[in-house]
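Observations on chain architecture
The primary structure of each chain is shown beneath.
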Amino acid sequence: MRPNEIRNLDDDEIIDEVDRRRQELRELRFQAAVGQSSNPRRIRIARREIARLLTIAREKAGG
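The sections below set out a description of the structure shown in this document. All of these numbers come straight from a predicted model, not from anything done at the bench. (Residues numbered from 1 in each chain as written. Predicted model: local features only at pLDDT ≥ 70, side-chain atom pairs only at ≥ 80, totals over all residues. Heavy atoms only, no water.)

1. Quick word on the nonpolar core
Formally: Throughout this description, the term nonpolar core refers to a set of buried Ala, Val, Leu, Ile, Met, Phe, Trp, Tyr and Cys residues connected via side-chain atoms within 4.5 Å. Burial status follows relative accessibility: with a 1.4 Å probe on protein chains alone, a residue under 20% of its type maximum counts as buried, one over 50% as exposed, and anything between as partly exposed. Comment: elements are numbered from the N terminus, with helices defined as DSSP H or I runs of at least four residues and strands as E runs of at least two. Residues count as neighbours in contact if any of their non-hydrogen atoms are within 4.5 Å of one another.
In terms of nonpolar packing, the biggest core is built from eleven residues, these being Ile6, Leu9, Ile14, Val18, Leu25, Leu28, Ile43, Ala46, Ile50, Leu53 and Ile56. Counting residues per element, the ones that place at least two in this core are helix H2 (11–34) and helix H3 (41–62). A per-element tally of this core places H3 first, with five residues. Setting aside anything within four residues of it in sequence, one finds isoleucine 56 in contact with Pro3, Ile6 and Arg7.

Given below as structure tokens:
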């Protein structure tokens, strides 16, 4: 998700998106631990997306 798209979301939508990404990250970590991970790089991408969402949420809250 691009920063422009995130900035157009409401605060509640950003929170929902963070929750979805965290769930995805949990599943990816579990797959990696079991050895079923088809794309280990996806873990890094998911972490960056969560950070990007939280950063923009803080920007919006700060004014």
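That was the structure; now back to the text.
2. Some remarks on H2
Each α-helix turn comprises 3.6 residues. Residues three or four places apart therefore point the same way. Let me state the cut-off plainly: To estimate how far a helix should reach, multiply one less than its number of residues by 1.5 Å.
The end-to-end C-alpha distance of H2, which contains 24 residues, comes to 35 Å, matching closely the 34 Å that a straight helix rising 1.5 Å per residue would cover. Those residues of H2 that sit buried are Ile14, Glu17, Val18, Arg21, Leu25 and Leu28. Taken together, the buried residues of H2 touch helix H1 (3–7) and H3. Glycine 35 sits one or two positions beyond H2 and adopts a positive phi of about 100°.

3. Observations regarding the side chain of glutamate 17
As a reminder, the rule being used: Here a polar contact means two N or O atoms within 3.5 Å. Within protein one must be a hydrogen donor candidate and the other an acceptor candidate, and residues neighboring in sequence count only if both atoms are side-chain atoms.
For glutamate 17, the location among the structural elements is in helix H2. A polar atom in the side chain of glutamate 17 sits 2.5 Å from the side chain of arginine 20. In this structure the side chain of glutamate 17 is engaged in a polar contact, spanning 2.7 Å, whose partner is the side chain of arginine 21. Once residues within four sequence positions are removed from consideration, glutamate 17 is found in contact with Met1 and Leu53.

4. Quick word on the packing of H2 against H3
The criterion, for reference: Note on definitions: angles span 0 to 180 degrees between N-to-C directions of axes, and those axes are lines fitted to C-alpha atoms, for helices only across the stretch in contact. Any angle that falls under 35 degrees is termed roughly parallel, while one over 145 is termed roughly antiparallel, one within 65 to 115 roughly perpendicular, and all others oblique. In this scheme the crossing of two helices becomes right-handed for a clockwise turn of the near helix relative to the far one and left-handed for an anticlockwise turn of less than a right angle.
As a packed pair, H2 and H3 sit with axes 9 Å apart at the nearest point and diverge in direction by 160°. Here H2 is positioned roughly antiparallel relative to H3, judged by the angle of their axes. Considering the relative orientation of H2 and H3, their crossing is left-handed. Of the residues in H3, those touching H2 at Asp11, Ile14, Glu17, Val18, Arg21, Arg22, Glu24, Leu25, Leu28, Arg29 and Ala32 are Arg42, Ile43, Ala46, Arg47, Glu49, Ile50, Leu53, Leu54, Ala57 and Lys60.

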